[in-house]
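Below are the chains, spelled out letter by letter.
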Amino acid sequence: TRATAGTEVRDDEGIAARRARAAWRRPTPTILLPSGVLRIVDGFPRSFSRYVLLTAFGRGGMGDVYLAKQRVGDGERLVVVKTLRGDLAADQEYVRRFLDESRVVTQLNHAHISTVYEAGVIGQDHFLTMEFIHGVNLKEFAAALPGPLEPGLALVVADGVLDALAYAHRLR
């Protein structure tokens, strides 16, 4: 907040944008995202070929998920990198499943599905690189509400999810 000619003007968005640009240019202990501050943990940032892994997002049944920077032309963009978990890389069934997922998701082009930019292998690591979508997820959004999700909004969300799911299954 700053004062201008006797009035108070909120400048939170400008401050957040400046902090995000500063975090973008150099590795820092935290990255400011629209949904909050994401802490950088030990071992990050680290190089993964043409990507810089900034921090771990999570771990799923088959993969580890990272927030990363990717060079694109003269600039950079934030992306999500999903890799096949190291403990599963020697299991050919998991490699086959990861490759099948890679083949399917790289064909998807839908408003309610993150765009997959690339799938491949770097060294011994199978990976997918996809669009990073700024904002909060549905769980965070719902938790911030003073009460339950309104039925009309719940229907809009469900409609988008089901539309995306139907689209993906038609392509399979």
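Notes on the structure in this doc start here.

Cut-offs used in this document
- Residues numbered from 1 in each chain as written.
- Predicted model: local features only at pLDDT ≥ 70, side-chain atom pairs only at ≥ 80, totals over all residues.
- Heavy atoms only, no water.
- Helix = DSSP H or I, 4+ residues; strand = E, 2+ residues; numbered from the N terminus.
- Buried < 20%, exposed > 50% of the residue type's maximum accessible area, 1.4 Å probe, protein only.
- Expected span 1.5 Å × (residues − 1).
- Arc of directions from axis to C-beta.
- Pairing = 2+ DSSP bridges.
- Axes fitted to C-alpha atoms, helices over the stretch in contact; angles between N-to-C directions.
- Contact = heavy atoms within 4.5 Å.
- Salt bridge = Lys/Arg side-chain N within 4 Å of Asp/Glu carboxyl O.
- Core = buried A, V, L, I, M, F, W, Y, C linked by side-chain atoms within 4.5 Å.

Looking at the side chain of Gln70
On the secondary structure map, Gln70 appears in strand β7 (residues 63–72). Residue classification places Gln70 among the buried residues on the basis of a relative accessible area of 9%.

So, helix α4 (residues 151–171)
Along an α-helix, residues three or four apart share an orientation, since each turn contains 3.6 residues. Relative to the 30 Å expected for 21 residues at 1.5 Å per residue, α4 spans 30 Å between its end C-alpha atoms, a close match to the ideal helical length. Of the positions making up α4, those classed as buried are Gly160, Ala164, Tyr167 and Ala168. The arc that holds the buried residues of α4, viewed along the axis, is 100°, so those residues lie on one side. Residues of α4 that are exposed and point more than 90 degrees away from the buried face comprise Pro151, Leu155, Asp159, Leu162, His169 and Arg170.

Focus on unusual backbone geometry
Peptide bonds are mostly trans, and most non-glycine residues show a negative phi. One non-glycine residue, Ser49, adopts positive backbone phi at about 55°. With respect to the helices, strands and loops of the structure, Ser49 is situated in the loop between β5 (46–48) and β6 (51–59). Judged by its relative accessible area of 43%, Ser49 is partly exposed.

Describing the sheet that holds strand β9 (residues 116–122)
With antiparallel pairing, 6 strands are arranged side by side in an open sheet as β5-β6-β7-β8-β10-β9. Of all the strands in the sheet, the pair left with one neighbour each is β5 and β9. Direction aside, neighbouring strands of the sheet carry axes that sit 40° apart on average. Packing against the sheet, helix α2 (residues 92–105) makes contact with β8 (75–84), β9 and β10 (125–131), and its axis sits at approximately 25° to β10.

Considerations on the pairing of β6
Relative to β6, β5 runs antiparallel, the two being bridged by 3 bridges. Its bridge partner lying in β6, Phe48 is registered against Tyr51. Connecting β6 to the antiparallel partner β7 that follows it, the hairpin turn spans 3 residues.

Describing the pattern of salt bridges
Going through the model one piece at a time under the given rule, you end up with 10 salt bridges. Here Asp87 ties to Arg59 by a salt bridge, and the two come within 3.3 Å at their closest N and O atoms. One end of the pair, Asp87, is in the loop between β8 and α2; the other, Arg59, is in strand β6, and 28 residues separate them in sequence. For the pair Asp87 and Arg59, a shared accessibility class is recorded, and that class is exposed. The salt bridge partner of Asp87 is Arg85, with a shortest N-O separation of 2.8 Å. Here Asp87 falls in the exposed class, since its relative accessible area comes to 52%. Residue classification places Arg85 among the buried residues on the basis of a relative accessible area of 15%. Here the salt bridges do not stand alone but share partners, grouping Arg59, Asp64, Arg85 and Asp87 into one network.

Structural notes on the nonpolar core
Among the nonpolar cores identified, the biggest contains 19 residues, and Leu84, Leu108 and Leu128 are the most heavily contacted of them. Mapped onto this core, the elements with two or more residues apiece are β8, α2, β10 and α4. Dropping the residues within four chain positions of it, Leu108 is found in contact with Ile113, Tyr167, Ala168 and Leu171. Counting 10 residues, the second-largest nonpolar core is a separate cluster that includes Ala68, Val79, Val81 and Ile122.

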